[in-house]
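Given next are the chains, with one letter for each unit.
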Amino acid sequence: MTEAFRDRIDIALTVNGEPVEARVPAGRHLVDFLRLDLGLTGAHAGCEHGVCGACTIQVDGQAVRGCLMLAAQADGAEVWTLEGLTEQGVIRDLQDAFVARNALQCGYCTPGMLASIKELLDMGGVPDRATIREHLSGNYCRCTGYEAIIDAVETVAQARAGRITA
Amino acid sequence: MKALAGGYARAKDVAHALDLLAAADGMGRVLAGGQSLIAAMNMRLSTGDMLVDISRIEALRGVTVEGGTLRIGALTRHVDIGTDPLVAEHAPLLVQAVHHIAHAAIRNRGTIGGSLAHADPAAEFPACVLALGGTIHLQGPDGMRAVAAEDFFVDVFETAIAEGEILTAITLPLIEPGERHVLIETARRSGDYALAGLCLVKRAAGHRLSAFSVGPRPILAVAAMERLDAGDAAGAVQALRNEIDPPSDTQASAAYRRHLAGVLLTRALQDLTGETA
Ligand SMILES: Cc1cc2nc3c(=O)[nH]c(=O)nc-3n(C[C@H](O)[C@H](O)[C@H](O)COP(=O)(O)OP(=O)(O)OC[C@H]3O[C@@H](n4cnc5c(N)ncnc54)[C@H](O)[C@@H]3O)c2cc1C
Ligand code: FES
Ligand code: FES
């Protein structure tokens, strides 16, 4: 192998606010790194080709597919998973609304849903149902039929805008 | 499944990336947004790649107006194309395209250069650049060269990019007064690749029409363009249906795609003139 290429890469990043240093195989994607190396099993590995959205996490403030980013590419990044977001309490209202509306059954899609929804809600305003649907078009749920999820997002957006008390 | 990469290196700048590609002995593979490449690696459609990660080369990112053209850096992400004011002014076609490309989380990392280099026949950006008459800029060990969009797309996933070269930017003509752009497509679900789609550009000099997902690469529908310039909408629909040779697959039959392309052209023309169907 050429000197410049490595099959194991040293990375330093923060995960859920904690500094992490590791040596990762070149082909290791970020979700496997989080789940298998760090034991953070919140983000799920479903299809592993970008279709299902179960692996969606927050990297440098944006929602990304954890299965379509290499751990090696996360060097220097700020990564948040459901565990950290929950601990920080930043999506407490959304999580409560999910429970209240029955917006999850098996829960497989939920961590990815929440990461995608967080990005939408962080944009501010009250998105209409079509916008919510469109934003979640890349997150598959095989249980709920989506309506309850849209309801939950709409409720939280309205509550955050001060339109209703959740 | 799990990806098998041969190795990974992060390029500091374009010169470094070119050195890395040259050192990789034919196994080098540019990694930009990774939204197609890492998916292919996970499915083991691509194994043993020596990955040259260009995603942190800042010089390849961003949009400027330079020398009478709109210049879009290869690493400009889909999400940024969708919100950039210069793109909105000069290439609204690309903004329309962004809404059809994949999903928000994928648009946050996917790049326009990656989309053109990947050359999926169903992708929106290649067809846009073709309809707009854009130019693709490449840099390799022997220097830089510019390739017209008409000559860039060769076949399914195949472009004019030579071994060891990197796509650095796309340039597009600045918009002229009264110029109109319409992108229209049909997909089964929001964010899916299109079953068929069209990019229609109307300029003082005439119409330009490209079609995607109806052949091995985006095509410029020259016969239909000629009919449109003559003001013959029905003739254009017929000409378009005649000049495409769409594939049949699990998503749609060739006959359905051909029919759809004509329907889409009728709708695009209504859009252009502001009439409703
Ligand atoms: C679920 C899903 C749905 C999608 N739907 C759509 C859709 O509807 N429409 C659409 O257009 N796209 C779609 N995409 C693809 C997406 O737009 C990708 O971002 C894009 O095709 C590739 O860009 P990238 O930057 O991620 O490239 P990468 O994945 O990093 O690279 C793709 C290929 O291009 C090469 N390459 C990349 N950049 C360069 C460069 N600068 N110079 C030379 N070679 C380069 C790589 O070596 C690789 O072979 C979808 C992807 C997914 C996962
Ligand atoms: S596991 Fe990443 S999108 Fe399905
Ligand atoms: S709750 Fe089961 S997949 Fe969504």
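Residues numbered from 1 in each chain as written. Chains lettered and ligands numbered in written order. Predicted model: local features only at pLDDT ≥ 70, side-chain atom pairs only at ≥ 80, totals over all residues. Heavy atoms only, no water.

In the region of ligand 1, 32 residues are neighbours, and B:Val30, B:Gly34, B:Gln35, B:Leu37 and B:Thr111 sit closest. Of the chains in the model, those with residues near ligand 1 are chains A and B. The separation between an oxygen atom of ligand 1 and a polar main-chain atom of B:Val30 is 2.6 Å. In this structure, B:Gly33 approaches ligand 1 through a main-chain N or O atom, which is 2.9 Å from an oxygen atom. Relative to its free-state accessible area of 970 Å², ligand 1 is covered by the protein chains to the extent of 93%. (Near = heavy atom within 4 Å. Polar contact = N/O pair within 3.5 Å; in protein donor to acceptor, adjacent residues only side chain to side chain. Areas by Shrake-Rupley, 256 points an atom, 1.4 Å probe, with all protein chains shown as cover.)

This brings us to the domain arrangement of chain B. All names here are of chain B. One can read the domain layout of chain B as domain 1 (7-52), domain 2 (60-173) and domain 3 (180-273). Distance between the C-alpha centres of domain 2 and domain 3: 20 Å. At the interface, 27 residues of domain 2 touch 22 residues of domain 3. Both sides of the domain 2 and domain 3 interface together cover about 2,100 Å² of buried area, and 60% of this is carbon and sulfur. For domain 2, the biggest contributors to the area lost against domain 3 are His100, Pro121 and Ala131; these three give 23% of the whole. In this structure, the salt-bridge partner of arginine 208 is glutamate 150, at a minimum N-O distance of 2.9 Å. The interface formed by domain 2 and domain 3 holds twelve residue pairs in polar contact (both at pLDDT 80 or more) in total. Looking at the side of domain 2 that touches domain 3, the elements that each hand over two or more residues are α5 (92-98), α8 (124-131) and β8 (153-155). (Domains from an automatic or database assignment. Contact = heavy atoms within 4.5 Å. Buried area = accessible area lost by both parts, 1.4 Å probe. Salt bridge = Lys/Arg side-chain N within 4 Å of Asp/Glu carboxyl O. Helix = DSSP H or I, 4+ residues; strand = E, 2+ residues; numbered from the N terminus.)

Side chains that carry opposite charge are capable of pairing whenever their charged atoms lie near each other. As enumerated under the stated definition, the model contains 21 salt bridges over all chains in all. For B:Glu165, the salt bridge is made with B:Arg145, and the minimal N-O distance between the two is 2.7 Å. Of the two residues, B:Glu165 is situated in the loop between β9 (158-159) and β10 (166-173) and B:Arg145 in strand β7 (residues 143-148); the sequence distance between them amounts to 20 residues. Linked through salt bridges whose partners overlap, the residues forming this network are A:Arg129, A:Arg133, A:Glu147, A:Asp151 and A:Glu154.

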